[in-house]
Structures are given as C-alpha cells and as structure tokens.
Amino acid sequence: MTPEPSLTGMPASGWRQYEIEQRLHELLASDPPLHTGWPDTLWPVLPDKALSASRAAMSQFAHLNGFVKPSGLDVIEAELLAMVRDHLGVPEDGATTLTVGGTESNFLAVKGALFKARENGGVTGQPNMVIPETAHPSFDKASEELGIDVRRIPVGKEFRADPEAMANQIDENTVLLVASTPNYTHGTLDPVEDLAALAQTHDLWFHIDACVGGCLLPALKRVAGESSTTPFDYPGVTSVSADLHKFGFTPTGISTLSVNSSELIRHHSFSIDVASSWPFRPYRRTGFTGSRSGAVLAGAWATLVALGQDGYEQIAQEIVSGADIFAKGLSTIDGFELVAPHESGIIVFTSTDPQCQIERVANVLERNGWPAMLAVSPPRLQFLLSPLPPHYYEQFVEAIRVAANEVRTGVAIDGAELTTYGA
Ligand SMILES: Cc1ncc(COP(=O)(O)O)c(C=O)c1O
C-alpha cells in the first residue's frame, strides 16, 4: 500500500539518521524492488552491476554541480561524451550535448531546426514540423514553447512512419522532419533511410528520436550478427536524441543530443556578455538547463564503464531471449497476439477475442500485481523488456493466461481505466 505523506512543513528539529533511513526504506518498500522486479511498464529493470556501480559513484559526487565543473567532473563529462559519440557514430565534425532527459534533447533539436531555418531565411509564414503520429509528445511541448505547428501524420504498416504521407505534408514553411527509433507507442522503428533521403530532397533538418533505442539498438544489432549501422551512417540525418537513462540503464536525469556538424551547436547554446546586461561574468551554457547534477553524471559514467560493450550485448541477448519466450508463450493463449514485431525492447500485445477484451485482462493483471500499461488505437498492453532470467517471462505469460481465463469465465470484470501517462 502506498504510504500517505506525513510532513506538512519542515520538521521543527532535524531527524536522526536512522529515522531518515527508516522512512526512506518504508517509502521505497511500497514499490516493486528495482533490481529484482517484474518486467516493468515504464522503465527497464536495472542490472545489478549497473545499479551498484552507479550508486557508489553517485554517493561520491552527490553535491557536485556539473554547471561549474570541478576538474574531475570535466573528465567524466568528456569521457561520457566520447562513449556516446562512439556508440551513435557521431561524425568527427559533429557534437554531442548532455541534457537532463529526452524531452530536453528533443526540445533542443526542434529549436535548432527552427533557428537554422530562420537564419537561412527559409520561413516566411507559420513554421511547421512534420512528424509521425507515433512521435513522443515532447515534440508538441517544444512546438508550444517555440510557436511551431505540429503536423502528426498517420503511420503505415506495423505502425511505422509513412514517408509518402509525410512528404505530402511538407511545404515551404516546414522546418523539421522527425523519425523515432523506436516509437514508444508500438516499439517499431521508423524507416530512417527513406526519411533521411526525403529530408535531403527538401533540404530539411531531420531529427531521429532515439531516446528509447539509442543505447540498445547497436548492441541488439551486434547480437543479431547484423552489420553495426549507426544513426549517422545515413546522409541526411541532422540530429539524434538518445537517452542514457532508459536502455542505457543509468540513473535518471541524463540524455544526449548529437548533431552532425559542430556549427549547429550555436542554435542550442546561450550566452550573454558582461556589457549587455548581467553585472557578473560572461555566461555561456549549451542546452536548456543551468545547474546539473554531478551525481547523475558520475552515475551515468560509472554505469557505462561497468557494463562496457560486452555488458550491453549481454543485456541485448537477454532482452531478445525474453521477447522470444514471451512471444511464443503468448501465441499459446487463445486470441492473444503481438500487435507489432519486437525490435527494440518494447513489446505490445492484445487479445482479438471479443469475449476477452484486453482492457478487462489489464484490470485482472493489475489486481494480481502484474504490469499492465493499457494503450489505445488499437487497445493493447505495452511493456518494456528487461534483462531478466527466462522464468520471469514464463511467469508473466502464465499470469496473462490466468487473467484471460478469469475474464472469459468471470461474472463482471470492468475494463482498466485509461489513466494519464505522467503526472
Ligand atoms: C520516444 C521518446 N522520446 C522522448 C521521451 C521523453 O523522455 P524523458 O521522459 O526522458 O524526457 C520518451 C519518454 O518516454 C520517449 O519514449
């Protein structure tokens, strides 16, 4: 049961350490354990190695601020950037900026596209961006802040972006084209190569939102024996956002935006000199935020070096095996099927049996303590795969079988409510 908040203001006298720990323990205990949890609906479960390395690093760097970096953090940031650039194939002349999350990374890409188009004198009317309907709402958020129209275009087969339909919506005021690898809604990869070519034809900024897949896809490709293409291998890709705090398994609060040319960085940098207005010192910052947690930087660095390429490959292998076990198991339950192929750590499934609506299955699963992230269009359940031993997935399938039987034979089970995603 979720505990109730008990403080209504600052305590009159400070708590003892054991009281703090006791309370924190109580609050944590109301959630499923992080590292031994079930397959999750929101974030992947952390491998033990990543958890212990990042915790140790974070406690050492707890109070450092990455805004005015002490030299040790400077090295950490430089090495982190080098690892990310290598991972994503950022060109020599490109640049990578650390951000606090995917929303900031996507915001900076939208801002870059708008400012570059303005600079080129290319926007005479109301600017717009053309994005697949499956793209993350962070693009709408950025558009609201920056005054750009959003054209969400229906997707095609397997919920992938439809380049032809997107091409039809491009006009002289379009400043940005977006693809997701993968989209969060269905877990499939948009056709990046075709969209990159389309962007080149129209001389548009093309952004790949790889917030979910950026860290995992290279390892998934390697374990599948495929040649390791990186997002920047396609000419026409201008920028890529990749979160470390999703399938990079780092602590929350860190993502990246990479651009194919370092001269584009000026569009998401801000500076003010002494003469203009601020009576202190010249100010310069790349990205949107000011202060940045040194603990998160150090925790992310420690996670990446603790896992290494082989660690990510092992995770990728476990995720692929988990997906296989899950898909095979699901196919043995009457009326159940995957909604889209598994490609990137996200699995979506549904029931086609009218006697066993997925909304009602979700309700029973949730009641029984299983993850059940209900989504619409079409109705389905979505969850993120984690590097967990096979028996977790086997038990999850059995839980779905039990829930399906209960719905088919149950007297009155309501459908789960479609609650807001985020708060
Ligand atoms: C595809 C995609 N892009 C961007 C984001 C936003 O990331 P964040 O929550 O780190 O701001 C998400 C979050 O789930 C996402 O799935």
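Residues numbered from 1 in each chain as written. Predicted model: local features only at pLDDT ≥ 70, side-chain atom pairs only at ≥ 80, totals over all residues. Heavy atoms only, no water.

K.L.:
Lay out the packing of helix H2 (residues 48-60) against helix H9 (residues 294-331) in plain terms, naming residues and giving numbers.
P.N.:
Where H2 contacts H9, the axes come no closer than 8 Å and their chain directions differ by 145°. When you trace H2 past H9, the crossing you get is right-handed. Judged by residue contacts, Lys49, Ala50, Ala53, Ser54, Ala57 and Met58 of H2 engage Ala295, Val296, Ala298, Gly299, Ala302, Thr303, Ala306 and Leu307 from H9. (Axes fitted to C-alpha atoms, helices over the stretch in contact; angles between N-to-C directions. Helix = DSSP H or I, 4+ residues; strand = E, 2+ residues; numbered from the N terminus. Left-handed = near helix turned anticlockwise from the far one by under 90°. Contact = heavy atoms within 4.5 Å.)

K.L.:
I'd like a description of the environment of Pro235, backed by residues and values.
P.N.:
Along the chain, the position of Pro235 falls in the loop between helix H8 (217-223) and strand E6 (239-243). Linking Pro235 and Asn260, residues 25 residues apart in sequence, is a C-alpha distance of 9.5 Å. If sequence neighbours within four positions are ignored, Pro235 has contacts with Ala196 and Gln200.

K.L.:
How would you sum up the sheet that holds strand E5 (residues 205-209)? Please name residues and give values.
P.N.:
Consider a sheet: its strands pair through backbone hydrogen bonds, and that pairing is either parallel or antiparallel. Taken in spatial order, the 7 strands make up an open sheet running E1-E7-E6-E5-E4-E2-E3, and their pairing is mixed. Edge positions in the sheet fall to strand E1 (95-99) and strand E3 (149-153), since each of these pairs with one other strand and no more. Between one strand and the next, the sheet's axes are offset by a mean angle of 20°, whatever the strand orientation. Examined bridge by bridge, strand E4 (residues 174-180) and E5 share 5 bridges and lie parallel to one another. Opposite Ala179, over in E5, you have Ile208 as the bridge partner. Each of E1, E6 and strand E7 (255-259) touches helix H3 (residues 71-88); the most contacted strand, E1, lies at about 120° to it. (Pairing = 2+ DSSP bridges.)

K.L.:
Break down the site of the ligand for me, citing the residues and quoting the values.
P.N.:
Residues in contact with the ligand amount to 13 residues; listed here are only the nearest, Gly102, Thr103, Asp209, His245 and Lys246. A distance of 2.6 Å is found between an oxygen atom of the ligand and a side-chain nitrogen or oxygen belonging to Thr103. One of the side-chain N or O atoms of His245 is found 2.8 Å from an oxygen atom in the ligand. Starting from 390 Å² of accessible surface for the ligand in isolation, the protein chains cover 89%. Counting residues per element, the shell around the ligand draws most heavily on helix H4 (residues 102-119), which supplies 3 residues. Of the residues contributing to the shell around the ligand, the split by class is 4 nonpolar, 6 polar and 3 charged. (Near = heavy atom within 4 Å. Polar contact = N/O pair within 3.5 Å; in protein donor to acceptor, adjacent residues only side chain to side chain. Areas by Shrake-Rupley, 256 points an atom, 1.4 Å probe, with all protein chains shown as cover. Nonpolar A, V, L, I, M, F, W, Y, C, P; charged D, E, K, R; others polar.)

K.L.:
So what's going on with the sheet that holds strand E10 (residues 336-338)? Which residues, and what values?
P.N.:
Strand order across the open sheet formed by 4 strands is E10-E11-E13-E12, with antiparallel pairing between neighbours. The sheet is open, and its two borders are formed by E10 and strand E12 (373-375), each paired with just one other strand. On average, each strand axis in the sheet is inclined to that of its neighbour by 35°, with strand direction left out of account. Bridge count for E12 against strand E13 (residues 380-384) is 3 bridges, and the pairing is antiparallel. Residue pairing in the sheet places Ala375 in a bridge with Arg380 of E13. Along the sheet, H9 makes contact with E10, strand E11 (346-351) and E13, crossing E10 at roughly 145°. Contacting E10, E11 and E13, helix H11 (residues 390-409) crosses the sheet at an angle of about 135° to E10.

K.L.:
Please provide a residue-by-residue account of the domain arrangement of the protein chain, values included.
P.N.:
For the protein chain, the domain assignment lists domain 1 (55-303) and domain 2 (308-408). Counting residues at the interface gives 23 residues for domain 1 and 23 residues for domain 2. Considering only the surface of domain 1 that becomes buried against domain 2, Tyr184, His186 and Phe247 emerge as the three largest contributors, covering 24% of it. Among the ionic pairs, Arg160 bridges to Glu343, the shortest N-O distance being 2.7 Å. At the junction of domain 1 with domain 2, the criterion picks out 8 residue pairs in polar contact (both at pLDDT 80 or more). (Domains from an automatic or database assignment. Buried area = accessible area lost by both parts, 1.4 Å probe. Salt bridge = Lys/Arg side-chain N within 4 Å of Asp/Glu carboxyl O.)

K.L.:
Kindly report on the layout of surface pockets, identifying the contributing residues and their values.
P.N.:
Empty space among the atoms becomes visible once a probe the size of a water molecule is rolled across them. Approximately 390 Å³ is the volume found for the second largest pocket. What lines the second largest pocket is a set of 21 residues, and nearest its centre among them are Lys116, His202, Asp203, Leu204 and Trp205. Those elements giving two or more residues to the lining of the second largest pocket turn out to be H4, E4 and helix H7 (192-202). Partitioned by chemical class, the residues of the lining of the second largest pocket number 9 nonpolar, 8 polar and 4 charged. (1 Å grid on protein atoms, 1.4 Å probe; cavity = no way out; pocket = protein on both sides within 12 Å on 5 of 7 lines; lining within 4 Å. Points joined across faces, edges and corners; volume = space filled by probe spheres on them.)

K.L.:
Explain the nonpolar core residue by residue, including any values.
P.N.:
Leu177, Phe206, Phe326, Phe336, Phe349, Leu365 and Ile400 are the most contacted members of the largest nonpolar core, which has 87 residues in total. Per-domain counts for this core show at least three residues from each of domain 1 (55-303) and domain 2 (308-408). Look past the residues within four positions of Phe206 in its chain and what remains in contact with it is Leu177, Val178, Ala179, Val192, Leu195, Ala196, Ala199, Gly236, Val237, Thr238 and Ser239. Core analysis: the next-biggest nonpolar cluster, separate from the first, contains 23 residues, Ala109, Leu114, Met129 and Ile265 among them. (Core = buried A, V, L, I, M, F, W, Y, C linked by side-chain atoms within 4.5 Å. Buried < 20%, exposed > 50% of the residue type's maximum accessible area, 1.4 Å probe, protein only.)

K.L.:
Quick rundown of the pattern of salt bridges? Include the residues and the values.
P.N.:
Considering all chains together, one arrives at 12 salt bridges under this definition. We note a salt bridge from Arg408 to Asp353, for which the minimum N-O separation is 2.8 Å. On the criterion of sequence distance, the pair formed by Arg408 in helix H11 and Asp353 in the loop between E11 and helix H10 (358-367) is long-range, its members being 55 residues apart. On the accessibility criterion, Arg408 (30% relative accessible area) is partly exposed. A network of salt bridges, in which partner residues are shared, links Glu119, Glu263 and Arg266.

K.L.:
Go over the side chain of Thr238 with me, naming the residues and quoting the values.
P.N.:
Along the chain, Thr238 turns up in the loop between H8 and E6. If we ignore the near neighbours within four places in the chain, the residues touching Thr238 are Leu204, Trp205, Phe206, Phe232, Ser258, Val259, Asn260 and Leu264.

K.L.:
Pulling in residues and values, what's your account of the packing of H3 against H9?
P.N.:
Closest axis-to-axis distance for the H3/H9 pair is 10 Å, and the angle between their directions is 45°. On the basis of the axis angle, H3 is oblique to H9. Crossing of H3 over H9 shows left-handed handedness. On H9, the residues touching Leu73, Ile76, Glu77, Glu79, Leu80, Met83 and Asp86 of H3 are Gly294, Leu297, Ala298, Ala300, Trp301, Leu304, Val305 and Gln309. Looking at the contact of H3 with H9 residue by residue, the classes come out as 10 nonpolar, 2 polar and 3 charged. (Parallel < 35°, antiparallel > 145°, perpendicular 65-115°, else oblique.)

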